[in-house]
Amino acid sequence: LQKGHLVEVDREALVAGYVGQTAIKTGAKIDEAQGGILFIDEAYSLTQSAVSNDFGQEAIQIILKRMEDLRGKFGVIVAGYPENMREFINSNPGLKSRFDQYFQFEDYGPTEMFVIAQSLLKAEGLQAMPESESHLKKYFEALYETRDKYFGNARTVRKIIGEAIKNQNLRMAAIPIGERSEEQLRTLAPEDVKEFDIGIKPTGNSLGFKIG
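What comes next is a walk through the structure. (Residues numbered from 1 in each chain as written. Predicted model: local features only at pLDDT ≥ 70, side-chain atom pairs only at ≥ 80, totals over all residues. Heavy atoms only, no water.)

**Some words on the side chain of Asn167**
Reasoning step 1: Relative to the helices and strands, Asn167 is located in helix 8 (residues 154-173).
Reasoning step 2: Here Glu195 takes part through its side chain, which lies 3.0 Å from a polar atom of the side chain of Asn167.
Reasoning step 3: Apart from the residues lying within four places of it in its own chain, the contact partners of Asn167 are Asp192 and Glu195. (Helix = DSSP H or I, 4+ residues; strand = E, 2+ residues; numbered from the N terminus. Polar contact = N/O pair within 3.5 Å; in protein donor to acceptor, adjacent residues only side chain to side chain. Contact = heavy atoms within 4.5 Å.)

**A closer look at the pairing of strand 1 (residues 6-9)**
Reasoning step 1: Because side chains alternate across strand 1, one face comprises the buried residues Val7 and Val9, and the other comprises Leu6 and Glu8, none of which is buried.
Reasoning step 2: Note that strand 1 and strand 2 (residues 37-41) share 4 bridges and pair parallel. Within strand 2, the residue paired with Val7 across the bridge is Leu38. (Buried < 20%, exposed > 50% of the residue type's maximum accessible area, 1.4 Å probe, protein only. Pairing = 2+ DSSP bridges.)

**Here we look at a negative patch on the surface**
Reasoning step 1: Together, Glu8, Asp10, Glu12, Asp41 and Glu42 line one region of the surface with negative charge.
Reasoning step 2: Checked against the element boundaries, Asp41 lands in strand 2.
Reasoning step 3: For Asp41, a relative accessible area of 30% gives the class partly exposed. (Patch = residues over 30% accessible without salt bridge, like charges linked within 9 Å, V, L, I, M, F, W, Y side chains within 5 Å. Areas by Shrake-Rupley, 256 points an atom, 1.4 Å probe, with all protein chains shown as cover. Salt bridge = Lys/Arg side-chain N within 4 Å of Asp/Glu carboxyl O. Lys, Arg positive; Asp, Glu negative; His and termini not counted. Charge placed at Lys NZ, Arg CZ, Asp CG, Glu CD.)

**Quick notes on the environment of Asn153**
Reasoning step 1: Topologically, Asn153 is positioned in the loop between helix 7 (130-145) and helix 8.
Reasoning step 2: Along the sequence, Asn153 and Glu163 sit 10 residues apart, while their C-alpha atoms lie 16 Å from each other.
Reasoning step 3: Of note is the side chain of Asn153, whose polar atom sits 3.3 Å from the side chain of Asp107.

**Some words on the nonpolar core**
Reasoning step 1: Among the nonpolar cores identified, the biggest contains 26 residues, and Leu14, Leu38, Ile40, Leu46, Val76, Val78 and Phe88 are the most heavily contacted of them.
Reasoning step 2: If you list the elements that add at least two residues to this core, you get strand 1, helix 2 (21-33), strand 2, helix 3 (56-69), strand 3 (75-79) and helix 4 (82-90).
Reasoning step 3: Here the element with the most residues in this core is helix 3; it accounts for 6 residues.
Reasoning step 4: Setting aside chain neighbours within four positions, we find Val78 in contact with Ile40, Ala43, Met85, Phe88 and Phe99.
Reasoning step 5: Formed by 20 residues, the second largest nonpolar core is a distinct cluster that contains Met113, Leu121, Val193 and Phe196. (Core = buried A, V, L, I, M, F, W, Y, C linked by side-chain atoms within 4.5 Å.)

In structure tokens:
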């Protein structure tokens, strides 16, 4: 590819609510991706609308036409949950004939989830105490063992660590300024992560922790 840049879009970036506007929005994104990659996240949303006059199919037809007319000028990657993407690809013969390479990304395991957590904490200048690390590791193991097809992977870790950081900030705010040490400010203590109850088994899209 001439440039190799990536243009990431979702349904909102391609589909409009009025006749004629979807073609303009989709065409503009394709033009922007020329020489690089058009990456369509949650692409299945283009075919899953319950509205009869939805313009998602129009966006698909425009993309397919430009893929044929501009073959070799840009690449297209569509992404989403496996089951939804199978339905998406099978919804249109043109999609099935043009997308012929598939890559399945497995869920992150507990060890990888903890590595992500450490990276997020490091970015905030925090170091988890051994007890906090142990608690998080066990919690990630519980989440992984009880995961469903909507398991959030890194997104789940990001939300958990975000909540833990908020807990740490609130705990520090309750300590008078003169009594806070530099080490305390940089430490994620067990009380900051205790709300993530290992005994709770997440269901559906739940993250599996309770607040308060």
